Amino acid sequence: MQRYRFVLAPRWLLLSLAGLVVMVVCVLLSQWQWGRAVERAAANEVIEHSRESAPLDATLPAGEGLDADVRWTLVEATGVYDTEHEIVLRAQTNSSLNGFEIVTPLVLADGTAILVDRGFVASENTGSVPDYPAAPEGEVTVTGRVYEYEEASGGVSEVDGHLESRRLSVDLLGPHLDYELRSAWIADVEPAEGFTALETPSFKDWQNYSYAVQWALFAAMVPVGWVVLARRERRDLDEAESEAAPDEAPEAAESEDASPRT
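## Thoughts on the overall build of the protein
- In terms of helices and strands, the protein carries four helices and nine strands.
- Helices and strands in the protein line up, N terminus first, as α-β-α-β-β-β-β-β-β-β-α-β-α.
- Against the 2.2 N^0.38 benchmark of 18 Å for 262 residues, the protein shows a C-alpha radius of gyration of 34 Å, more extended than a compact globule.
- For the protein, the spread of C-alpha atoms along the three principal axes comes to 130 × 40 × 30 Å.
- Relative to its 262 residues, the protein shows a buried fraction of 34%.
- Total accessible area computed for the protein in this model is approximately 16200 Å², and 54% of it derives from carbon and sulfur atoms.
- Each charge class in the protein can be summarised by its mean position, and for the 19 positive and 45 negative side chains these summaries are 13 Å apart.

Written as structure tokens, this is what we have:
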């Protein structure tokens, strides 16, 4: 260990501290990616095995937050569409097509409402919203997949008697509506003719698993790199010492020749 005392020098202590920080960051990123992978794998499992719809009040009760376990499940909601507050989502993509999504509040028996994405209509490259089927009148029952609200971004405008937005956000849209919204929105899985159903979500959990392994490998490489650098410096010091040794030998010989003999 005496041969490696140089690692206690300030330069090496700083290098060791930087390496430790990098290693900790890589470990934390690996854990975060692994957690994301587990979440996405669980979501894919729910989507794949969702066959039966549950009553809305049992899944998204009024006045309660969204339970993570019910995301992506199927629910059945009964109410009356509020066509006066219909929402058009601009700049949407569905099955690689650009277009619009039509969202209509479904007012429930208790006076609350849930936003129903009635389907997607492709853009006609005119900049305006193409014609789409009107919401049915009277009481209807909708089977939809549960989606979490999006983060607020942009604003909400009123155009031709409807609201327009780029994000389905309760923070953006809530102030424009006269009733309490349930804690999530649903997408109609069997939309009316003229609409295209939203593409069934599918999350690439394998990518997150791959990233988690990569970050773990980066973390493991930090101490390996530290050892390699330390051994290289020790080798350089040994070479410097061996090069200095021959210069000292002649000096010792000259001093020996110059000494008096008896």
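## Quick word on the environment of D67
- Here D67 is to be found in the loop between α2 (56-59) and β2 (74-81).
- The class for D67 is partly exposed, based on a relative accessible area of 41%.
- For the pair D67 and A184, spaced 117 residues apart in the sequence, the C-alpha separation amounts to 9.6 Å.
- A distance of 3.0 Å separates a polar atom in the side chain of D67 from the backbone nitrogen of D69.

## Observations regarding the pattern of salt bridges
- Evaluated as defined, the whole model comprises six salt bridges.
- Residues E86 and R118 are paired through a salt bridge, measuring 2.9 Å at the closest nitrogen-oxygen approach. One end of the pair, E86, is in the loop between β2 and β3 (87-94); the other, R118, is in strand β5 (residues 113-122), and 32 residues separate them in sequence. Neither residue differs from the other here; E86 and R118 are each classed as buried.

## Considerations on the packing of aromatic side chains
- Under the criterion given, the structure shown has six aromatic pairs.
- Their ring planes at 75° and their centres at 4.8 Å tell us that W34 and Y209 sit as a pair that is edge-to-face. With W34 in helix α1 (residues 10-49) and Y209 in helix α4 (residues 205-257), the pair connects residues that are 175 residues apart, well separated along the chain.
- Measuring from centroid to centroid gives 4.4 Å for Y147 and W185, while their planes differ by 15°, and the two rings are stacked.

## Focus on the pairing of strand β6 (residues 139-147)
- Here seven bridges tie β2 to β6, and the two strands are oriented antiparallel to one another. Bridge pairing links T78 to T141 in β6.

## Looking at the side chain of Q92
- Relative to the helices and strands, Q92 is located in strand β3.
- A polar contact of 2.6 Å, which involves the side chain of Q92, links it to the backbone oxygen of R90.

## Thoughts on the nonpolar core
- Membership of the largest hydrophobic core comes to 20 residues, with the highest contact counts inside it found for I87, L115, L168, L181 and W185.
- Contributions of two or more residues to this core are made by α1, β3, β5 and β9 (185-188).
- Of all the elements, β5 adds the most residues to this core, at three residues.
- For L168, the contacting residues outside a window of four places in its chain are L89, V103, L115, Y149, E150, L173 and W185.
- One finds V70, L106, A135 and V146 within the second-largest nonpolar core, a separate group that totals 16 residues.

The rules behind each value
- Along each chain, residue indices are assigned from 1 in the same order as the chain's sequence is written.
- Local features in a predicted model are, by the rule used here, given only for residues with pLDDT of at least 70; side-chain atom pairs are given and counted only at 80 or more, and totals for whole chains, interfaces and linings are based on all residues.
- In computing side-chain values, all of the structure's heavy atoms are included and hydrogens and water are not.
- Numbering goes from the N terminus for both helices and strands, where a helix is a DSSP run of H or I of at least four residues and a strand is a run of E of at least two.
- The globule rule used for comparison is 2.2 Å times the number of residues to the exponent 0.38, while the radius of gyration itself is calculated over C-alpha atoms.
- The classification of residues rests on relative accessible area computed with a 1.4 Å probe and restricted to protein chains. Under 20% of the type maximum is buried, over 50% is exposed, and intermediate values are partly exposed.
- Computed by Shrake-Rupley with a 1.4 Å probe, the accessible areas treat only the displayed protein chains as cover when residues are assessed.
- Think of it this way: Lys and Arg go in the positive column, Asp and Glu in the negative one, and His and the chain ends go nowhere.
- By convention, charge coordinates are those of NZ in Lys, CZ in Arg, CG in Asp, or CD in Glu.
- Under the rule applied, a polar contact is a pair of N or O atoms within 3.5 Å (in protein, one hydrogen donor and one hydrogen acceptor; residues adjacent in sequence only if both atoms are side-chain atoms).
- A pair is scored as a salt bridge if a Lys or Arg side-chain nitrogen falls within 4 Å of a carboxyl oxygen belonging to Asp or Glu.
- Centre distance within 6.5 Å is the pairing criterion for rings of Phe, Tyr and Trp, where only the six-membered ring of Trp is used; planes under 30 degrees apart are then read as stacked, over 60 as edge-to-face, and the remainder as tilted.
- Two strands form a pair only when DSSP identifies at least two bridges running between them.
- Among buried residues, those of type Ala, Val, Leu, Ile, Met, Phe, Trp, Tyr and Cys that are joined through side-chain atoms within 4.5 Å constitute a nonpolar core.
- We call two residues in contact whenever any of their non-hydrogen atoms come within 4.5 Å of each other.

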